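Structural overview for review
Residues per chain, in single letters:
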Amino acid sequence: MANVIKISDSKELVPTRLYPHAKFPFDNFNVVQSAIYKVYEEDANLVAASQTSSGKTVICEMMLAHEVRDRGGKGMYISPLKALAQEKIDDWTDPSHHFHDLNLSICTGDYQVTESRKKELQNANLILMTSEMLSARTRNINSEKNNWIKEVGTICVDESHLITVPGRGDHLEVALMKLTEINPNLRVVFLSA
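This report concerns the structure included in the present document. Here the structure is a predicted model, which is why all the values come from computation and not from measurement.

What counts and what doesn't
Residues numbered from 1 in each chain as written. Predicted model: local features only at pLDDT ≥ 70, side-chain atom pairs only at ≥ 80, totals over all residues. Heavy atoms only, no water. Helix = DSSP H or I, 4+ residues; strand = E, 2+ residues; numbered from the N terminus. Contact = heavy atoms within 4.5 Å. Polar contact = N/O pair within 3.5 Å; in protein donor to acceptor, adjacent residues only side chain to side chain.

A separate point is the environment of Lys150. On the secondary structure map, Lys150 appears in the loop between α6 (141-144) and β6 (152-157). Distance from Lys150 to Leu172, taken between C-alpha atoms, is 18 Å for residues 22 residues apart in sequence. Once residues within four sequence positions are removed from consideration, Lys150 is found in contact with Ile141, Ile182 and Asn183.

Listed below in structure tokens is the structure:
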């Protein structure tokens, strides 16, 4: 598993044009994003704890774009709610978004894991799912032959503070423990207010 490095807000804003893996619709990263820019290529896990609307989604996009476009692995986005996962896939598949040219797949409780869905997940660059679905997929990796899970190189966990919530956080905690057992070199990105 990767190291954890502590950073704080950057005093200097980094121009988004310097980031080679995506085009953002604004000129500069904010103070939080600029700090992440300095370490996004490091072999390290990341906890981005900042206030609501501080740009954590852009941090997630930076880390996932680097995984897919530079490291050649799969990226995974974990949401506490299927509605949030659907919102992200709607945004990220929009032709104006820098992820629109990638293969994206959503896997929440209202999708059955059929052979065609497993093939879609295998071919996906980015997979969006809920923590409960990640828990089920990692528990059933052998019986379902979910080999695509082994190709996930970076996982972004949105609202990661929910890991402490009884009845919900335990699914996320178990899923992450199993996933890091399956992928010992996995980069874990926690996003939290």
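Turning our eyes to something else, we now look at the environment of Glu132. Mapped onto the secondary structure, Glu132 falls in helix α5 (residues 131-139). Expressed as a C-alpha distance, the spacing of Glu132 and Ser79, which sit 53 residues apart in the sequence, is 9.4 Å. Not counting the four nearest positions on each side in its chain, Glu132 is found in contact with Arg168 and His171. At 3.4 Å, the side chain of Glu132 and the side chain of Ser131 are in polar contact.

Examined against the element boundaries, Trp92 turns out to sit in helix α3 (residues 82-92). Counting along the chain gives 26 residues from Trp92 to Lys118, while the straight-line C-alpha distance between them is 21 Å. If we skip the residues at most four places from it in the chain, Trp92 touches Cys60, Glu61, Leu64, Tyr77, His97, Phe99, His100, Leu104, Leu126 and Leu128.

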